[in-house]
There are 4 protein chains.
Amino acid sequence: MDSTTSISATGSRFERRKQARPGELLEAALALFVEKGFAATRVDEVAARAGVSKGTLFLYFSTKEDLLKAVVREVIAGRFAEWGRELDSFEGSTEELLRYCMQVWWRRVGDTPAAGISKLMLCEAQNFPELSDFYRREVIEPGNELVGRILRRGVERGELRIPEMQYAVKLVLAPMLFLSLWEHAGGLRTPQPNDFDQQRFLSLHVEALLHGWRATPSVPSPAA
Amino acid sequence: MDSTTSISATGSRFERRKQARPGELLEAALALFVEKGFAATRVDEVAARAGVSKGTLFLYFSTKEDLLKAVVREVIAGRFAEWGRELDSFEGSTEELLRYCMQVWWRRVGDTPAAGISKLMLCEAQNFPELSDFYRREVIEPGNELVGRILRRGVERGELRIPEMQYAVKLVLAPMLFLSLWEHAGGLRTPQPNDFDQQRFLSLHVEALLHGWRATPSVPSPAA
Amino acid sequence: MDSTTSISATGSRFERRKQARPGELLEAALALFVEKGFAATRVDEVAARAGVSKGTLFLYFSTKEDLLKAVVREVIAGRFAEWGRELDSFEGSTEELLRYCMQVWWRRVGDTPAAGISKLMLCEAQNFPELSDFYRREVIEPGNELVGRILRRGVERGELRIPEMQYAVKLVLAPMLFLSLWEHAGGLRTPQPNDFDQQRFLSLHVEALLHGWRATPSVPSPAA
Amino acid sequence: MDSTTSISATGSRFERRKQARPGELLEAALALFVEKGFAATRVDEVAARAGVSKGTLFLYFSTKEDLLKAVVREVIAGRFAEWGRELDSFEGSTEELLRYCMQVWWRRVGDTPAAGISKLMLCEAQNFPELSDFYRREVIEPGNELVGRILRRGVERGELRIPEMQYAVKLVLAPMLFLSLWEHAGGLRTPQPNDFDQQRFLSLHVEALLHGWRATPSVPSPAA
DNA sequence: AATGAATGAGATTTCATTCAT
DNA sequence: GATGAATGAAATCTCATTCAT
């Protein structure tokens, strides 16, 4: 019932590298869970991919579900703290901040196996309520909050005019979720050649939103 | 040991029309697959929810996977033919058409258990390539095509100016997918009270996009 | 538990033809049991081949096992009585009688689907002790007895000299069983062209045995 | 609930040599398949008889059918190579060789659980064509070939005169098959006390055949 | 700490048998 | 009598988990 995944009990996430086992297992599990889904991934496979025996896996994670939790926690860990700091220290206009955030997100998350976690959580949420709660608390709500802060910054600085903040936040996030899922949708993706540039997609979306949110649309966009 | 729902007040358990069985099973399967995912749903549960025994299910669907296929096909069947006709006979402006389509989609699909199919397919795509192909052919590509036709209509009638159609189509669809998934995300959804109106969300999104696509930004938009 | 197969309760086996159902079912069952074995034959198949529904089959035979019993009984019924009479009225030498019996057996049994019953019984004997007892009493023991009578006839008439009767009987029967089984051995039979003549095989065998049994072998074989 | 055979007196259930498992399972499967037939034997039974759990069986044999194949192969493995060599190095007359082979066969096969395989194959041939092919190639055809070689040896050395070799081979084999089957015919065997000596049966049969095949019946055999 | 053989609960699927019509 | 939809016990096979070494 209770997990054994408190790897970070004594030290930082760098200390853990000393005994690389858990890390390799988490990596393997992440890849396989994302690739095949939780139910369709056998623990033997995870162990094999990590180069250890099945028994060893259970030395570190008492349960397959426990392994999933650890994977999710690992991928998530401390991401938002970091981003929060970056946001606070950003100097430019809010428009620029928003664009910047999107591009950074794409490089650090969207274009990363970590994005598969979003899909994984979406698929497994019903089956693991406890884990869902964790993910909501640690990812979804902070994510919403982060975007909310950015938008409020724009409003407070007189740059943006956003009447219904609740919708605005989701309008910003929707295309990000879209990309996260689409990149891991396997056989569903129509074989787009390579003329689809995700960053461009995000840019176009942001620009469309900003179009309607600019406080003084007359004196156009930023700079001059 | 214990028998099924005792509807035997007036008659036997044969009273229910036999032809209805497959439908009832599909309905039960749809609900459970959407609620718990394919792997986590046991066929006994589906049968029980449909008020029949496990064996009966296999009378109509030779395999659990077969049942999934049938569910997907059932929900999809002929949806796009209908919509194509509506689109062709629409008289108003393309802006109006786009708004209309979104609202109609929400009422006929998004706000319906059928929307859960999108999520289901997203989750199970890897495991059932054949089914994925079907869904892509029958839903995703026609969906893209439909939106593409609407946008091209606007361009051809001189109402819209859309330079990069490939992105435009996905910009339109992203929030719809977002809603479909979000409504079935279970424990991931932060318990929004009732102040979130999905139709409003879709409207805001469409307006933002149209803002940038209107052919005669003469008066408004940025610069001059 | 108890069987319902006493078709011959009131009348002869000809009366039964009036309602042909049971007969058609028995015929179908014989063919399928012989072709695929008891366990691998589904009752649906039997019913289908007989042109009736599964339910109907159970109207006549309370159990699949019961059906098997009826098939065996049907094929066996009264065969030995008939043969016993033929034997008693045979006029020629015992050598001729033996040859005659073999040829007749081949035409009436060996070359008939009924021969498949031997194989069937051999295969299913362990699983149905009661049926085995029946078959032993009704077929094997009478068969041994019949051959025994023939051989004893030869001894008594001074035609044959057979020291160990118990072995002699089985020596006569072995090639008959061999043929019965071989003809129904499916994929085991090496695809002999058509240069194997079962009657010749039986003849050669009988002659070999007679060779050693003739009381006055000097005055060679028959005719002259 | 209840655990397996409590051999835990001295040690654990791991004490048994792990390599022995497949062998023990094959032994158990052979016994049960021969005793009850393939279809009527449940894999749990096999496992139980081998002193392991159901799951363990599937660790070594991926399928029940696979287990059957392995049993057949195991029993067959390399038997004919050995015999071929013996035959080549035999020094005596062909008569003696034939008698010798029969007796050896009885001791090494006929009077062994391995003889049950013949019956098993006969019964299951229809259901497992691939396995039938194997058995035909590995047992039936080599067996025929072996007997053929013996008989041809006699002919070539001027000891025997055999006009129709195809029948001759089968005449030799028929009583062997007869015994193989009869010994495993369960309830079909009339409870012969112990006055039936299989070796004697085989001898009598061989002598009868040789009677007719001897090249120089001039002096010996019947009459004088 | 690491292994991997062993386990057994649980899931899907089959099919003889029942029974309302 | 005949039907065929419905049943549910039973069988195979999977795989997370355990544990002696």
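Every value quoted in this text rests on a predicted model; they were computed, and no experiment measured them.

Student: Describe the overall build of chain A, listing the residues and the values that go with them.
Tutor: Counting its regular elements, chain A contains 10 helices and zero strands. Buried residues in chain A amount to 50% of all 224 residues. Pairs at least 24 residues apart make up 70% of the contacts formed inside chain A by residues separated by at least 6 positions. Within the structure as shown, chain A displays about 10,600 Å² of accessible surface, and the carbon and sulfur contribution to it stands at 52%.

Student: Now, about the relation of the copies chain D and chain C: what can you tell me, with residues and values included?
Tutor: Take chain D, turn it by 179°, move it 0.0 Å along the axis, and it overlays chain C with an RMSD of 0.2 Å. When the rotation and shift are considered jointly, the pair of chain copies conforms to a two-fold rotation axis. A symmetric contact is evident, with 92% of the interface residues of chain D recurring at the interface of chain C.

Student: If you had to explain the state of the cysteines to someone new, which residues and values would you point to?
Tutor: Across all of its chains, the model carries two disulfides over all chains by this definition. The residue that forms a disulfide with C123(A) is C123(B), at a sulfur-sulfur distance of 2.4 Å. Because the sign of the S-S torsion sets the handedness, a value of about -100° for the bond joining C123(A) and C123(B) places this disulfide among the left-handed ones. Taken together, the residues span two chains, with C123(A) in helix α7 (residues 115-124) and C123(B) in helix α7 (residues 115-124). The class of C123(A) is buried, set by a relative accessible area of 11%.

Student: How would you explain the UniProt feature "DNA-binding region" (unreviewed entry) in chain A if you had to name every residue and give the values?
Tutor: Mapped onto this numbering, the UniProt entry gives "DNA-binding region" (unreviewed entry) at residues 42-61 of chain A. Counting secondary structure, residues 42-61 of chain A comes out at 75% helix and 0% strand; the distance between its end C-alpha atoms is 14 Å.

Student: Hey, could you go over the interface of chain D and chain C for me, with residue numbers and the actual values?
Tutor: Each side of the interface is counted separately: chain D has 51 residues, and chain C has 49 residues. With both chains or domains summed, chain D and chain C bury close to 4,400 Å², and 70% of this area falls on carbon and sulfur atoms. Close ionic contact of E164(C) with R200(D) constitutes a salt bridge, the shortest N to O distance being 2.7 Å. Linking chain D with chain C are 15 residue pairs in polar contact (both at pLDDT 80 or more), by the criterion used here. Taken together, the elements giving at least two residues each to the side of chain D that touches chain C come down to α1 (20-36), α7 (115-124), α8 (129-156), α9 (165-182) and α10 (198-213) of chain D. Examining the composition of the side of chain D that touches chain C, we find that 10 residues originate from one element, α9(D), more than from any other. Partitioning the side of chain D that touches chain C into residue classes produces 27 nonpolar, 12 polar and 12 charged.

Student: Give a description of helix α10 (residues 198-213) of chain B that names residues and reports values.
Tutor: Helical geometry note: an α-helix holds 3.6 residues per turn, so side chains three or four residues apart project in the same direction. Its 16 residues place the ends of α10(B) 23 Å apart at the C-alpha level, agreeing with the 22 Å of an ideal helix rising 1.5 Å per residue. By the burial criterion, the buried members of α10(B) are Q198(B), F201(B), L202(B), H205(B), V206(B), A208(B), L209(B), L210(B) and W213(B). Against the buried residues of α10(B) lie α9 (165-182) and α10 (198-213) of chain A together with α6 (94-110), α8 (129-156) and α9 (165-182) of chain B. With a side-chain oxygen lying 2.9 Å from the backbone nitrogen of Q199(B), the N-terminal cap of α10(B) falls on D197(B).

Student: Describe the packing of α6(B) against α8(B), and please don't skip the residues or the numbers.
Tutor: All names here are of chain B. Interhelical geometry of α6 versus α8 gives an angle of 165° and a closest axis separation of 9 Å. It follows from the interaxial angle that α6 and α8 lie roughly antiparallel. As for how α6 packs across α8, the hand of that crossing is left-handed. Touching T94, L97, L98 and C101 of α6 are I150, L151, R153 and G154, all from α8.

Student: Could you give me a rundown of the nonpolar core, with the residues and numbers involved?
Tutor: In this structure, L151(A), W213(A), I117(B) and L151(B) are the most contacted members of the largest nonpolar core, which totals 145 residues. If sequence neighbours within four positions are ignored, I117(B) has contacts with L30(B), V34(B), V71(B), V72(B), V75(B), I76(B) and Y135(B). Counting 144 residues, the second-largest nonpolar core is a separate cluster that includes V139(C), I162(C), A168(C) and L25(D).

Student: Lay out the interface of chain A and chain B in plain terms, naming residues and giving numbers.
Tutor: Between chain A and chain B, the contact holds 51 residues from the first and 52 residues from the second. For the pairing of chain A and chain B, the buried interface totals around 4,500 Å² over both sides, and the portion due to carbon and sulfur atoms is 70%. Counting across the chain A and chain B interface gives two salt bridges. On inspection of chain A and its partner chain B, the count reaches 15 residue pairs in polar contact (both at pLDDT 80 or more). It is α9(A) that provides the largest number of residues to the side of chain A that touches chain B, a total of 10 residues. Residue composition of the side of chain A that touches chain B, by class: 27 nonpolar, 12 polar and 12 charged.

Student: Can you break down the relation of the copies chain A and chain B residue by residue, with the values?
Tutor: Note on the identical chains: chain A maps onto chain B by a rotation of 179° and an axial translation of 0.0 Å, with an RMSD of 0.2 Å. When you check the interface residues of chain A against chain B, 94% turn up at the interface there too, and the contact is symmetric in its surfaces.

Student: How would you explain the pattern of salt bridges if you had to name every residue and give the values?
Tutor: All names here are of chain A. Under the definition given, this model contains 63 salt bridges over all chains. The partner of R214 in a salt bridge is E95, and the shortest N-O contact between them spans 2.4 Å. You can see R214 sitting in the segment after α10 and its partner E95 sitting in helix α6 (residues 94-110), a full 119 residues away along the chain. Residue classification places E95 among the buried residues on the basis of a relative accessible area of 8%.

Student: So what's going on with the packing of α9(A) against α10(B)? Residues and values would help.
Tutor: Closest axis-to-axis distance for the α9(A)/α10(B) pair is 10 Å, and the angle between their directions is 65°. Judged by the sense of rotation from one axis to the other, the crossing of α9(A) with α10(B) is right-handed. Each of Y167(A), K170(A), L171(A) and A174(A) in α9(A) lies in contact with α10(B), whose residues at this interface are R200(B), F201(B), L204(B) and H205(B). Of the residues contributing to the contact of α9(A) with α10(B), the split by class is five nonpolar, one polar and two charged.

Student: Tell me what's going on with the environment of R161(B), and back it up with residues and numbers.
Tutor: Note on placement: R161(B) falls in the loop between α8 and α9. When the C-alpha atoms of R161(B) and W213(B) are compared, they prove to be 5.2 Å apart, with 52 residues separating the residues in sequence.

Student: Describe the packing of aromatic side chains, listing the residues and the values that go with them.
Tutor: Summed over the entire model, instances satisfying the criterion amount to 36 aromatic pairs over all chains. Considering the side-chain rings of F178(B) and W182(B), the 5.9 Å spacing of their centres and the 15° angle between planes classify their relative orientation as stacked. Taken together, the residues span about one helical turn, with F178(B) and W182(B) both in helix α9 at a distance of four residues. With centroids separated by 5.6 Å and ring planes inclined at 35°, the aromatic side chains of F90(C) and Y100(C) adopt a geometry described as tilted. In this pair, F90(C) sits in the loop between α5 (79-89) and α6 (94-110) while Y100(C) sits in helix α6, placing the two residues 10 residues apart along the sequence. Three or more aromatic residues link up through ring pairs in this structure, and these residues are Y167(A), F178(B), W182(B), F196(B) and F201(B). Residue placement shows K64(A) over the ring face of F38(A); its charged tip is 4.5 Å from the ring centre.

Student: How would you explain the side chain of R214(A) if you had to name every residue and give the values?
Tutor: Look at R214(A) and you get buried, because its relative accessible area is 12%. Within the structure, R214(A) has its side chain in polar contact with the side chain of E95(A) (distance 2.4 Å).

Student: Residue-level account of the confidence of the model for chain A, with values.
Tutor: In low-pLDDT regions, the fine details of the predicted coordinates are not to be read closely. All names here are of chain A. This prediction gives chain A a mean pLDDT of 86; 86% of its residues lie at or above 70. Low pLDDT (under 50) marks residues 1-18, which in the prediction has 14 contacts with non-local residues, meaning those over four places away or in another chain. Low pLDDT, under 50, characterises residues 218-224; the stretch is placed with seven contacts to residues that sit more than four places away or in other chains.

Thresholds, definitions, all that
- Residues numbered from 1 in each chain as written.
- Chains lettered and ligands numbered in written order.
- Predicted model: local features only at pLDDT ≥ 70, side-chain atom pairs only at ≥ 80, totals over all residues.
- Heavy atoms only, no water.
- Helix = DSSP H or I, 4+ residues; strand = E, 2+ residues; numbered from the N terminus.
- Buried < 20%, exposed > 50% of the residue type's maximum accessible area, 1.4 Å probe, protein only.
- Contact = heavy atoms within 4.5 Å.
- Areas by Shrake-Rupley, 256 points an atom, 1.4 Å probe, with all protein chains shown as cover.
- Least-squares fit on C-alpha atoms with pLDDT ≥ 70 in both.
- Disulfide = S-S within 2.5 Å.
- UniProt positions renumbered as here; feature names shortened; annotations may be inferred.
- Buried area = accessible area lost by both parts, 1.4 Å probe.
- Salt bridge = Lys/Arg side-chain N within 4 Å of Asp/Glu carboxyl O.
- Polar contact = N/O pair within 3.5 Å; in protein donor to acceptor, adjacent residues only side chain to side chain.
- Nonpolar A, V, L, I, M, F, W, Y, C, P; charged D, E, K, R; others polar.
- Expected span 1.5 Å × (residues − 1).
- Axes fitted to C-alpha atoms, helices over the stretch in contact; angles between N-to-C directions.
- Parallel < 35°, antiparallel > 145°, perpendicular 65-115°, else oblique.
- Left-handed = near helix turned anticlockwise from the far one by under 90°.
- Core = buried A, V, L, I, M, F, W, Y, C linked by side-chain atoms within 4.5 Å.
- Phe/Tyr/Trp six-rings, centres within 6.5 Å; stacked < 30°, edge-to-face > 60°.
- Lys NZ or Arg CZ within 6 Å of the ring centre and 35° of its normal.
- pLDDT = per-residue confidence, 0-100.

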